[in-house]
Amino acid sequence: MPDITTERLRNIVLLSHGGAGKTILAEALLHDSRVTTRVGRTQDGTTASDYEPEETRRETSVQTSILPCPWKDHKINIIDTPGHVDFTAEVERSLRVLDGAVMIFSSVEGVEAQSETVWRQANRYDVPRICFINKLDRIGASFERTFDEIVDRLGGQPLALQIPLGEGPLGDARDGFRAVIDLIGRRVLRFDAREDGAEITVEEVPEELSGEVEAWRRRLLEAVVLLDDDVLETYVETDDVPAGDIHRLLREGTLAGAFQPTVCGSALDCI
């Protein structure tokens, strides 16, 4: 890719409690941007960021790793930080020099002790952040419970851009986590886990979920329209907001710390 100027360079840190999925999310991002040809596994010692023998033995990060990732005409430095409290100084050091953060939460355990620590650290340095609710394919997963804990335990303002289609492992009745629903576009995005998420099928929202989708979407619109009087007027008149305005106001509100856009999936399956 061409030489990168500072305007097209982003330093993005991954933050979470240990075991929520930072390193595997980094692997999925590297694979999706074609930096790697396969997704490494922590338990196999094959990830790009956990390369030290001690990290391989522990199956967890003990130091910060910087993973360059080209995306379109930008370069994104993904900064994978340790999630264990013993190495929180690594997180503190990273937060001083970055543009934004992705807070990762396990949908099974929800907000955990180190989640609260790194959230407070991000507050201290006024770091804009988005949230990724991970592991929706696991037994006991709950998107909504984790979403509510971000509000109740962290004082956050999460703003859902996606909700899951199903939760938990797939059974014989295929009633588990299968896809994500894009609230802005009112569409289902189905990722093929067998292809490491490379193939995405776009489908219409099932009719039985249309009411739930519209309720979540209204919460999204009511948050973004407060940032622009003209868009608010459009919303009052038409009961909707153009997608371009939604994206613009999401960016403005995130940088200002007004809310934290929240997405969901399973990093292990590149969903």
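The coordinates are above.
Everything quoted here is computed from the prediction, not taken from an experiment.

Here the focus is the packing of helix 4 (residues 113–124) against helix 5 (residues 143–154). Axis angle and axis distance: for two packed helices, these are the angle between their axes and the distance between the axes, and together they describe the pair. Between helix 4 and helix 5, whose axes approach to 11 Å, the crossing angle comes to 65 degrees. The element helix 4 and its partner helix 5 pack so that their crossing is right-handed. On helix 5, the residues touching Ser115, Glu116 and Trp119 of helix 4 are Ile150, Arg153 and Leu154. Looking at side-chain class alone, the contact of helix 4 with helix 5 contains three nonpolar, one polar and two charged residues.

What follows deals with the nonpolar core. Burial of nonpolar side chains together is a common tendency in soluble globular proteins. In terms of nonpolar packing, the biggest core is built from 35 residues, with Phe143, Leu220, Val224 and Leu250 touching the most fellow members. Of all the secondary structure elements, the ones that give two or more residues to this core are helix 5, strand 6 (158–160), strand 7 (162–165), strand 8 (179–182), strand 9 (187–191), helix 6 (210–224), helix 7 (229–238) and helix 8 (243–256). Element by element, the count of residues in this core is highest for helix 6, at five residues. Contact partners of Leu220, with chain neighbours within four places excluded, come to Leu159, Ala160, Leu161, Leu183, Ile184 and Leu250. The next biggest cluster of nonpolar side chains, apart from the first, holds 16 residues, and it includes Ile79, Val127, Cys131 and Ile150.

The full count for this structure, using the stated rule, is three aromatic pairs. Ring geometry for Phe143 and Trp216: centres 5.7 Å apart, planes at 65 degrees, overall edge-to-face. Here the residue Phe143 occupies a position in helix 5, and Trp216 occupies one in helix 6, the gap between them amounting to 73 residues. Each member of the pair, Phe143 together with Trp216, is buried. Among the aromatic residues, those joined into a cluster by ring pairs are Phe143, Phe147 and Trp216. When the ring centre of Trp119 is taken as origin, the NZ or CZ atom of Arg129, which lies over that ring, is 4.6 Å away. The aromatic ring of Trp216 is capped on one face by Arg219, whose charged end is 4.4 Å from the ring centroid.

Time to look at the sheet that holds strand 10 (residues 200–204). Spatial ordering of the open sheet is given by 7-8-9-10, a layout of four strands whose pairing is antiparallel. This sheet does not close on itself; its edge strands, each paired only once, are strand 7 and strand 10. For this sheet the average axis-to-axis angle between neighbouring strands, irrespective of direction, equals 30 degrees. Pairing analysis gives four bridges linking strand 7 to strand 8, with the strands arranged antiparallel. Directly across from Ile163, in strand 8, lies its bridge partner Ile181.

Residues Glu144, Asp148, Asp152, Glu167 and Glu212 make up a contiguous surface patch of negative charge. The dominant element in the negative patch, judged by the number of residues it contributes, is helix 5, at three residues. Secondary-structure assignment places Glu212 in helix 6. In this structure Glu212 comes out as partly exposed when scored by relative accessible area, which is 39%.

Moving on, we come to unusual backbone geometry. You will see that Asp239, though not glycine, has its phi angle at about 65 degrees, which is positive. Along the chain, the position of Asp239 falls in the loop between helix 7 and helix 8. With phi around 55 degrees, Cys270 is a residue other than glycine that occupies positive phi space. With respect to the secondary-structure elements, Cys270 resides in the segment after strand 11 (260–264).

So, on to the side chain of Arg217. Within the secondary structure, Arg217 is located in helix 6. If we skip the residues at most four places from it in the chain, Arg217 touches Leu183, Ile184, Arg186, Asp240, Val241 and Ile246.

This part takes up the pattern of salt bridges. Evaluated as defined, the whole model comprises eleven salt bridges. For the salt bridge of Arg218 with Asp239, the shortest nitrogen-to-oxygen distance reads 3.0 Å. With Arg218 in helix 6 and Asp239 in the loop between helix 7 and helix 8, the pair connects residues that are 21 residues apart, well separated along the chain. A salt bridge links Arg248 to Asp245; the nearest nitrogen and oxygen atoms lie 3.4 Å apart. One end of the pair is Arg248 and the other is Asp245, both in helix 8 and three residues apart, which spans about a single turn. Assessed through its relative accessible area of 32%, Arg248 is described here as partly exposed.

Criteria and cut-off values
- Residues numbered from 1 in each chain as written.
- Predicted model: local features only at pLDDT ≥ 70, side-chain atom pairs only at ≥ 80, totals over all residues.
- Heavy atoms only, no water.
- Axes fitted to C-alpha atoms, helices over the stretch in contact; angles between N-to-C directions.
- Helix = DSSP H or I, 4+ residues; strand = E, 2+ residues; numbered from the N terminus.
- Left-handed = near helix turned anticlockwise from the far one by under 90°.
- Contact = heavy atoms within 4.5 Å.
- Nonpolar A, V, L, I, M, F, W, Y, C, P; charged D, E, K, R; others polar.
- Core = buried A, V, L, I, M, F, W, Y, C linked by side-chain atoms within 4.5 Å.
- Buried < 20%, exposed > 50% of the residue type's maximum accessible area, 1.4 Å probe, protein only.
- Phe/Tyr/Trp six-rings, centres within 6.5 Å; stacked < 30°, edge-to-face > 60°.
- Lys NZ or Arg CZ within 6 Å of the ring centre and 35° of its normal.
- Pairing = 2+ DSSP bridges.
- Patch = residues over 30% accessible without salt bridge, like charges linked within 9 Å, V, L, I, M, F, W, Y side chains within 5 Å.
- Areas by Shrake-Rupley, 256 points an atom, 1.4 Å probe, with all protein chains shown as cover.
- Salt bridge = Lys/Arg side-chain N within 4 Å of Asp/Glu carboxyl O.
- Lys, Arg positive; Asp, Glu negative; His and termini not counted.
- Charge placed at Lys NZ, Arg CZ, Asp CG, Glu CD.

Taken by themselves, the reported measurements are silent on function.
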